[in-house]
2 protein chains.
Amino acid sequence: MSYYSPTIQKLVEAFERLPSIGHKTAVRLAFHILDADEKEIEEFTGAIKNAKDNLKFCSKCYNISDTDPCQICGNVKRQPNIICVVEDVRDVVAMERTHEFKGMYHVLHGSISPMNRIGPDDIKIKELLQRIQAEKVDEVILATNPKVEGEATAIYLSKLIKPLGIKVTRIAHGIPVGGDLEYTDEITLMKALEGRREM
Amino acid sequence: MSYYSPTIQKLVEAFERLPSIGHKTAVRLAFHILDADEKEIEEFTGAIKNAKDNLKFCSKCYNISDTDPCQICGNVKRQPNIICVVEDVRDVVAMERTHEFKGMYHVLHGSISPMNRIGPDDIKIKELLQRIQAEKVDEVILATNPKVEGEATAIYLSKLIKPLGIKVTRIAHGIPVGGDLEYTDEITLMKALEGRREM
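Sequence order as written defines the numbering, with residues in each chain counted from 1. Written order determines the labels here, with chains lettered from A and ligands numbered from 1. With the structure being a predicted model, the display of local features is reserved for residues of pLDDT at least 70 and the display and counting of side-chain atom pairs for 80 or more, all residues being used for whole-chain, interface and lining totals. Excluded from the side-chain calculations are hydrogens and water; all other atoms, namely the structure's heavy atoms, are used.

**Here we look at the overall build of chain A**
The following threshold applies: Numbering of helices and strands runs from the N terminus, with a helix taken as a DSSP run of H or I at least four residues long and a strand as a DSSP run of E at least two residues long. Atoms counted for the radius of gyration: C-alpha only. Globule rule: 2.2 Å times residue count to the power 0.38. With a 1.4 Å probe rolled over the protein chains alone, any residue whose accessible area is under 20% of its type maximum counts as buried; one over 50% counts as exposed, and the rest are partly exposed. Here, residues are in contact when the closest pair of their heavy atoms is within 4.5 Å. Method for areas: the Shrake-Rupley scheme with a 1.4 Å probe, in which residue coverage is limited to the protein chains shown. Asp and Glu are treated as the negative residues and Lys and Arg as the positive ones, with His and the ends of the chain left uncounted. Taken as the charge centre is NZ of Lys, CZ of Arg, CG of Asp or CD of Glu, depending on the residue.
Within chain A, the secondary structure is distributed over 7 helices and 6 strands. Secondary structure of chain A in N-to-C order comes out as α-α-α-β-β-β-α-β-α-β-α-β-α. The C-alpha radius of gyration of chain A comes to 22 Å, more than 25% above the 16 Å expected for a compact globule of 199 residues. The buried share of chain A, taken over its 199 residues, is 42%. Considering only intrachain contacts with a sequence separation of at least 6, the fraction spanning at least 24 residues in chain A is 47%. Surface exposure of chain A reaches about 11,700 Å², of which carbon and sulfur atoms provide 54%. Taken as two groups, the 27 positive and 30 negative side-chain charges of chain A have centres that lie 4 Å from each other.

Rendered as structure tokens:
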């Protein structure tokens, strides 16, 4: 049973439906909204509506963007012959933060996961292959997550792309910088050992 | 520098402005919004707008409500001669959860706090006094928070209301149920001792 008025209750429930928001935080957010002025509310709901109305997928790399092609695909200073394949839009941001990669991206929007009934046709693999065949691509970097699904997707992609005569690489697994050998799980440690390089 | 598109960045910032939402949660919420369908977004922004448009203060007790008078003030089954004075709208809900109190409320919307430049005129004290004089009130329960400001407000109110020949009570301080004597601070323990009752 709720002790809030129906309108407040609905607002609390609206916040509760968001990920990582529990009941207490939802109540705090709801009362923040009740205390906020008209302008603040307008900005908040405006940002949400604006995002839904204006954002689109880049028709080339399937990154989410204000423009089509996206800022990365449209940037002539970047190398068009290297494509970094990631699972999610957020991974593009993670890669960009390194300031190291100057090539293009391809966002798969998922990974092959038979457990969740996601097959190769459910993610943007067909689009990647079409792109590779249409453009002059020298290297495809597979930067899917080092989990079972990401690994399977990488293996699947490499088997499809290698026969086309294109260099296929996988990002390195190993101990995170600042990490501790003692607390590293054995699979990561094994991968770190496998990937050892001469100094 | 942001690696998100301007529209996503604005959405992330909109969430970051909410209390208890850090950058990582804001990003998670923003991407949840991007993934959500039209209907879900409509419900969410609708709940916010609806709350701002429909909620009002009860002109009697200053609780926030869909109706005026509020559901509590308008409930004829409740005792109109006992008023429980609380600082905040949320405190009404906390009291209601006990299922014990069947009287009325008065929400002060704050407490006297010279440090924050909040004096007796800045909270709903005048309105409480008018209400006491207009209605037949037998008891005023002071349920302000057991902090310096709440305590000061309770003392101030008791000095104003007692001369009117009305019984003024203060909620008990003590060890919370399930609490541990060993870990109870000395002021609470002192209050618990002061408030001891015969068994």
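On we go from here.
**A word on the sheet that holds strand β4 (residues 104-107) of chain A**
All names here are of chain A. Quick reminder of the rule: Here, a strand pair is defined by DSSP locating no fewer than two bridges between the strands. Only the stretch in contact is used when a helix axis is fitted, and all axes are lines through C-alpha atoms; the angle between N-to-C directions ranges over 0 to 180 degrees.
With parallel pairing, the 4 strands of this open sheet are ordered in space as β4-β3-β5-β6. The sheet is open, and its two edges are formed by β4 and β6 (167-170), each paired on a single side. The mean angle between the axes of side-by-side strands here comes to 25 degrees, regardless of whether they run parallel or antiparallel. Judged from the 4 bridges that link them, strand β3 (residues 82-86) and strand β5 (residues 139-142) form a sheet pairing that is parallel. Paired with I83 across the strands is V140, a residue of β5. Running over the sheet, helix α4 (residues 89-96) touches β3 and β4 and is turned about 155 degrees from β4. The strands that helix α6 (residues 148-161) touches are β3, β5 and β6; relative to β6, the one it contacts most, it runs at about 170 degrees.

**Re the environment of T188(A)**
All names here are of chain A. We apply this condition: Side-chain atoms alone can form a polar contact between residues adjacent in sequence; in general such a contact is a pair of N or O atoms within 3.5 Å, and within protein one must be able to donate a hydrogen while the other accepts it.
Looking at the secondary structure, you find T188 in helix α7 (residues 186-194). Residues T188 and E135, spaced 53 residues apart in sequence, show a C-alpha to C-alpha distance of 35 Å. Those residues in contact with T188, other than ones at most four positions away along the chain, are G174 and I175. Engagement of the side chain of T188 in a polar contact is seen with the side chain of D185, the distance being 2.6 Å.

**Looking at the interface of chain A and chain B**
The following threshold applies: Here's the idea: put two parts together, see how much 1.4 Å probe accessible area each one loses, and the total over both is what we call buried area. We count a salt bridge whenever a side-chain nitrogen from Lys or Arg sits within 4 Å of a carboxyl oxygen from Asp or Glu.
Contact residues are listed per partner, giving 47 residues for chain A and 48 residues for chain B. Together, the buried faces of chain A and chain B total about 4,700 Å²; carbon and sulfur atoms form 70% of this surface. There are 4 salt bridges connecting chain A and chain B. At the boundary of chain A and chain B, one finds 13 residue pairs in polar contact (both at pLDDT 80 or more). Sorting the residues of the side of chain A that touches chain B by element identifies α1 (6-16), α2 (23-35), α3 (38-54), β2 (64-65) and α4 of chain A as the ones contributing at least two each. Counting residues per element, the side of chain A that touches chain B draws most heavily on α3(A), at 12 residues.

**A look at the packing of aromatic side chains**
Selection criterion: Centres within 6.5 Å are what make two rings of Phe, Tyr or Trp a pair, Trp counting through its six-membered ring; a difference in plane orientation under 30 degrees is then read as stacked, over 60 as edge-to-face, and the rest as tilted.
Summed over the entire model, instances satisfying the criterion amount to 7 aromatic pairs over all chains. Judged by centre distance (6.0 Å) and plane angle (55 degrees), the ring pair of Y4(A) and F31(A) falls under tilted. Placement of the pair is Y4(A) in the segment before α1 and F31(A) in helix α2, with a sequence separation of 27 residues. This pair shows no difference in class: Y4(A) is buried, exactly as F31(A) is. What links up through ring pairs into an aromatic cluster is the set F15(A), F44(A), F15(B) and F44(B).

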